[in-house]
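Take a look at the letters that make up each chain.
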Amino acid sequence: MKKLRVGVIGVGGIGFGAHLSGYEKLADKVEIVAVCDIDEAKLERASKRYGVSETFTDYREMLKMKELDAVNVCTPNYLHHPISIAALEAGKHVLCEKPLALNAEQGEEMVAAAKKAGKLFMIGVNNRYRDESQKLKRMIERGELGEVYAARTGWIRRRGVPFWGDWFMEKAKAGGGPLIDIGVHMLDLTRWLIGNPKPVSVTGAIYHKIGNYLVTEWDKNDPVLAGALASGAADKIYDVEDSAFAFIRFEGGITLELNVSWALNTNKEHNYCELYGDKAGASLSPLTVFGEKEGTLVDYTFKTDEATTHHTEIAHFVDCILNGTELISPAEEAVDVMRILDAIYKSAELGEEVRL
Ligand SMILES: NC(=O)c1ccc[n+]([C@@H]2O[C@H](COP(=O)([O-])OP(=O)(O)OC[C@H]3O[C@@H](n4cnc5c(N)ncnc54)[C@H](O)[C@@H]3O)[C@@H](O)[C@H]2O)c1
C-alpha cells in the first residue's frame, strides 16, 4: 500500500513532541516528508531527530510540494486560520491543533475552505481520544445515563501561566488566556459527550488578577518562575485573562458550568467533567458512574487504557484518510465551540448575558 506523505508546520512543543512522534509510530503507513518552522534551530532539531530532509521556513513553499498529502498545523493560534486555509487550497488534508482559530468567524472561513477543497479537516481536540472519553460517549449513546440535562467542567491551574511561551499571553496571537487554551479542551469534550447541543445563551466573567503579581513579587526561588524570568517573562505582553467562569445554556434546557484558570488561589492543578443524567451520572477522570442497582446507590470506576491521546488522535487522522473512516473531531463541530468562547468574552465585557 502507498504510504501517506505528511508534513508538520510548527515544530515547537506539541509539533515536535506529540505530532512528529505520533507519525513516527506509524512508520508502516506514513512517511514524514517535510517539516516547517520559522525558528531554524527548532527546524534542525526536528529534521535531525525524525530524519526529515525537506525543511522549510516558509509554509507556502512547503505547500507547493506535490509529494505531500496531509499537514499538521502546530503553530501559535493566530496562524491556524491562514495556514489551514492555504493548506486546504493547496489540496492537502489538514489536522489543526486546538483551538480551531482566534474566533468563530475565522473558523467558518476555514470550514468553508475545507468544503470547497473536498479535503479532510480535523481539529486536534485530543481529549476526545482518551479511552475513558470514548467509553463514556458510547455509554451515553446507549442511553445508560438517561437524559443528561446538566454538566460541570473545568481545568484549574493554581500557578500555571505559560510564561515560557512566546505568544500564549498575548491576546492578538492567542485569542485569549486559559479559556481558549485549556478551557476549549474541557468545553469541547463535555459538549461532544452530550451530543454537541446548540448553544442558546452564555454568561461569562473573566479576571486578570494575579498573573502579573506572579512575575513581579512571587518567590523568585521558585524553579518554574525563575526559568520564566530568565526567559524574559516580566517584559512580555500579558493582556489575557488568568481565570474565567461561565454558565452556558443549550437547546433542550441543558446547562453547563465551565471554570478555568492559569492562576487561581485554590487547590492544585486538576481538570474535571461531571455529567448529570436522569438515570445515572458520570465523571472524568477516572471514568466513574454514579447509579443505582438492586435498590441501592452504586459508584463504579473503569480501568481504562492510558495511551497517549495525541498518538491515538494522529492514528485516527491517518485511518480517516487511508480508509475513509468517519472523523471523530471534524472542524465543523469546533465552530460552535468558538461561538461559545466568543460569547463568554463578549458577556464578560458587557457584564450581561449574551444570546447566540
Ligand atoms: N492538544 C494539546 O494538548 C496541545 C498542547 C499544547 C499546545 N497545543 C496547541 O498547539 C499549538 C502550538 O503550541 P506549542 O505549545 O507547540 O507552541 P510553541 O510556541 O512551542 O510552538 C509553536 C511553533 O510554531 C512556530 N511558528 C511560529 N510561526 C510560524 C510560521 N509562520 N510558520 C511555521 N512555524 C511557525 C514557532 O517557531 C514554534 O516552534 C497551539 O495552537 C496550542 O494551542 C495543543
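Residues numbered from 1 in each chain as written. Predicted model: local features only at pLDDT ≥ 70, side-chain atom pairs only at ≥ 80, totals over all residues. Heavy atoms only, no water.

1. As for the layout of surface pockets
As a volume, the largest pocket reaches approximately 1100 Å³. Here the lining of the largest pocket is built from residues that sort into 17 nonpolar, 14 polar and eleven charged. Taken together, R130, D131, E132, S285, P286, F302, T304, D305, E306, A307 and T309 form the lining of the second largest pocket. By residue class, the composition of the lining of the second largest pocket is three nonpolar, three polar and five charged. (1 Å grid on protein atoms, 1.4 Å probe; cavity = no way out; pocket = protein on both sides within 12 Å on 5 of 7 lines; lining within 4 Å. Points joined across faces, edges and corners; volume = space filled by probe spheres on them. Nonpolar A, V, L, I, M, F, W, Y, C, P; charged D, E, K, R; others polar.)

2. Some words on the site of the ligand
The local shell around the ligand holds 25 residues, among which I14, D37, N77, H80 and W167 are the closest. Within the side chain of N126, one N or O atom sits 3.0 Å away from a nitrogen atom of the ligand. In this structure, W167 approaches the ligand through a side-chain N or O atom, which is 2.9 Å from an oxygen atom. Contact with the protein chains hides 85% of the accessible area of the ligand, taken as 840 Å² for the molecule alone. Mapping the ligand onto the cavity grids shows that it belongs to the largest pocket. The residue inventory of the shell around the ligand, partitioned by class, reads ten nonpolar, ten polar and five charged. The two domains that each donate at least three residues to the shell around the ligand are domain 1 (4-127 + 310-329) and domain 2 (128-307 + 338-355). (Near = heavy atom within 4 Å. Polar contact = N/O pair within 3.5 Å; in protein donor to acceptor, adjacent residues only side chain to side chain. Areas by Shrake-Rupley, 256 points an atom, 1.4 Å probe, with all protein chains shown as cover. Sits in = over half its atoms within 2 Å of the grid points. Domains from an automatic or database assignment.)

3. Focus: the pairing of strand β4 (residues 70-73)
Residues A70 and N72 line one face of β4 and the alternating positions V71 and V73 line the opposite face, and both faces are buried. Judged from the four bridges that link them, strand β1 (residues 4-9) and β4 form a sheet pairing that is parallel. Bridge pairing in β4 places G7 opposite V71. Bridge analysis of β4 against strand β5 (residues 93-97) gives four bridges, and the strand direction is parallel. If you follow A70 over to β5, its bridge partner there is H93. Taking the sense of rotation as the criterion, the β-α-β connection linking β4, helix α4 (residues 80-89) and β5 turns out right-handed. (Buried < 20%, exposed > 50% of the residue type's maximum accessible area, 1.4 Å probe, protein only. Helix = DSSP H or I, 4+ residues; strand = E, 2+ residues; numbered from the N terminus. Pairing = 2+ DSSP bridges. Right-handed = clockwise from strand over helix to strand, strands pointing away.)

4. Quick notes on the domain arrangement of the protein
Each assigned domain of the protein is listed here: domain 1 (4-127 + 310-329) and domain 2 (128-307 + 338-355). Computed over C-alpha atoms only, the centres of domain 1 and domain 2 are separated by 25 Å. At the interface, 20 residues of domain 1 touch 21 residues of domain 2. For the pair domain 1 and domain 2, the summed buried area comes to about 1900 Å², and 56% of that belongs to carbon and sulfur atoms. For domain 1, the biggest contributors to the area lost against domain 2 are K98, N127 and I328; these three give 33% of the whole. Taken together, the connections running from domain 1 to domain 2 amount to two salt bridges. Between E108 and R339 there is a salt bridge, with its nearest N and O atoms 2.6 Å apart. On the surface where domain 1 and domain 2 come into contact, there are 14 residue pairs in polar contact (both at pLDDT 80 or more). Put simply, the parts of the chain that give the side of domain 1 that touches domain 2 at least two residues each are α5 (104-117) and α11 (309-323). Counted by class, the side of domain 1 that touches domain 2 contains ten nonpolar, seven polar and three charged residues. (Contact = heavy atoms within 4.5 Å. Buried area = accessible area lost by both parts, 1.4 Å probe. Salt bridge = Lys/Arg side-chain N within 4 Å of Asp/Glu carboxyl O.)

5. Quick notes on the environment of L136
With respect to the helices, strands and loops of the structure, L136 is situated in helix α6 (residues 131-141). Residue class for L136 comes out buried when judged on its relative accessible area of 1%. Spatially, the C-alpha atom of L136 lies 9.9 Å from that of F302, the residues being 166 residues apart in sequence. When sequence neighbours within four positions are dropped, the list of residues in contact with L136 reads L145, L193, L275, A282, L284 and L287.

6. A closer look at α6
Since there are 3.6 residues in each turn of an α-helix, residues three or four apart along the chain are aligned in direction. Burial within α6 is extensive, with eight of its eleven residues counted as buried. Among the residues of α6, those classed as buried are D131, E132, S133, Q134, L136, K137, M139 and I140. Each element contacted by the buried residues of α6 is listed here: α8 (178-193), β11 (270-277), β12 (281-284), β13 (288-293) and β14 (296-301). Just downstream of α6, G143 is the residue with a positive phi angle, here 85°.

7. Remarks on the sheet that holds β11
One key point about sheets: their strands pair by backbone hydrogen bonds, in either a parallel or an antiparallel sense. Read from one edge to the other, the open sheet built from nine strands follows the order β14-β13-β12-β11-β7-β10-β9-β8-β15, with strand pairing classed as mixed. In this open sheet, the two strands that pair with only one neighbour each are β14 and β15 (354-355). Two elements, strand β8 (residues 199-207) and strand β9 (residues 243-250), share eight bridges in a ladder whose sense is antiparallel. Looking at β9, one finds that S201 is bridged to R249. Its contacts with the sheet place α8 against β7 (148-156), β9, β10 (255-261), β11 and β12, and it is angled at close to 150° to β10. Where helix α12 (residues 332-350) meets the sheet, it contacts β8, β9, β10 and β15, and its direction lies at approximately 55° from that of β8. (Axes fitted to C-alpha atoms, helices over the stretch in contact; angles between N-to-C directions.)

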